[in-house]
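Listed below are the residues making up each chain.
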Amino acid sequence: MTENNTPLATHDLAEDISEITLPVAIVPIILGSVIATIVYCTSRWYTPPNFYHRPFFALLGFITSIIWIYMLANELVNSLETLGIVWGISEAILGLTFMALASSIGDIMSNCLLAKNGYPRIAYAACMGAPIFNLLIGAGVPYTIKIFRRANKDAPFSFTLTQAVLFALLLGVLVMNVLVAMCTNWTLPRLYGALLILIYVSFVTVAVLIEVNIIGSPSSWKLLTGVE
């Protein structure tokens, strides 16, 4: 009887072992320990880093920053989704308000600092370059991945009134920036900055009114409501 139960017990033990998963923290702890040991053995705290340490530290710092940004972004998105479920707020409103502010606060601080330090061209170029990167790469890469994962190579897109207003405003502001810059000999006045802030506040107000169904689109436009 014992001999008959031994294979079954061994099989159950193998299944239990196969179901054991290591915590995610084990991998970075092991990797970090190995890197720390290498750095400790090849460097001294009282001397500057060697020439072969500098690119390694720079690359390590860059990768670490990307990992931290990725982790914080995931936690931010999860927190916003939780708040949206608890408070009953639309995802579009969260994206237009809290998410937009949270993802842009770093750019705002760095651009303001650049402008105060006498580099307004860099700050303005960053203001134009960041949205372009987000639109082309941030939207292009996910949709490319989604298309390759689908059998029919098609990625449906739900176009709502909020998105229509967003695209129209974005196009209008970009054209207005070029026209105002040309008319002012490429010297934007301070009043124009206040006008842009007013336009943004007006857009957020209109978007919120759309999401709470106070403003609706004509039926002839055949736009989605965002809940399909």
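Looking at an unreviewed UniProt entry, the chain carries the name Sodium/calcium exchanger membrane region domain-containing protein, with the source organism given as Cichlidogyrus casuarinus. Word for word, the UniProt comment on the chain under Subcellular location (unreviewed entry) is "Membrane".

Visitor: Would you explain the UniProt feature "transmembrane region" (unreviewed entry) in the chain in this entry?
Guide: As annotated in UniProt, the feature "transmembrane region" (unreviewed entry) corresponds to residues 20-43, 55-73, 85-110, 122-145, 157-179 and 191-215 in the numbering used here. For the annotated span residues 85-110, helix accounts for 88% and strand for 0% of the residues, and the straight-line distance between the end C-alpha atoms is 33 Å. Annotation note: span residues 191-215, helix share 84%, strand share 0%, distance between end C-alpha atoms 30 Å.

Visitor: Any chance you could explain a nonpolar patch on the surface here in plain terms?
Guide: A cluster of nonpolar side chains, contributed by I132, F133, L135, L136, I137, V141, I145, L170 and L174, occupies part of the molecular surface with about 810 Å² of accessible area. If you list the elements that add at least two residues to the nonpolar patch, you get α5 (120-149) and α6 (161-183). The element that contributes the greatest number of residues to the nonpolar patch is α5, accounting for seven residues. Along the polypeptide, I137 turns up in helix α5.

Visitor: Which parts of the structure should I look at to understand helix α3 (residues 54-87)?
Guide: Helical geometry: 3.6 residues make up each α-helical turn, so side chains three or four residues apart lie on a common side. Taking 1.5 Å per residue as the helical rise, α3 with its 34 residues ought to reach 50 Å, and the 49 Å between its terminal C-alpha atoms agrees with that figure. A positive phi of about 70° marks G88, the residue just after α3.

The rules behind these values
Residues numbered from 1 in each chain as written. Predicted model: local features only at pLDDT ≥ 70, side-chain atom pairs only at ≥ 80, totals over all residues. Heavy atoms only, no water. UniProt positions renumbered as here; feature names shortened; annotations may be inferred. Helix = DSSP H or I, 4+ residues; strand = E, 2+ residues; numbered from the N terminus. Patch = residues over 30% accessible without salt bridge, like charges linked within 9 Å, V, L, I, M, F, W, Y side chains within 5 Å. Areas by Shrake-Rupley, 256 points an atom, 1.4 Å probe, with all protein chains shown as cover. Salt bridge = Lys/Arg side-chain N within 4 Å of Asp/Glu carboxyl O. Expected span 1.5 Å × (residues − 1).

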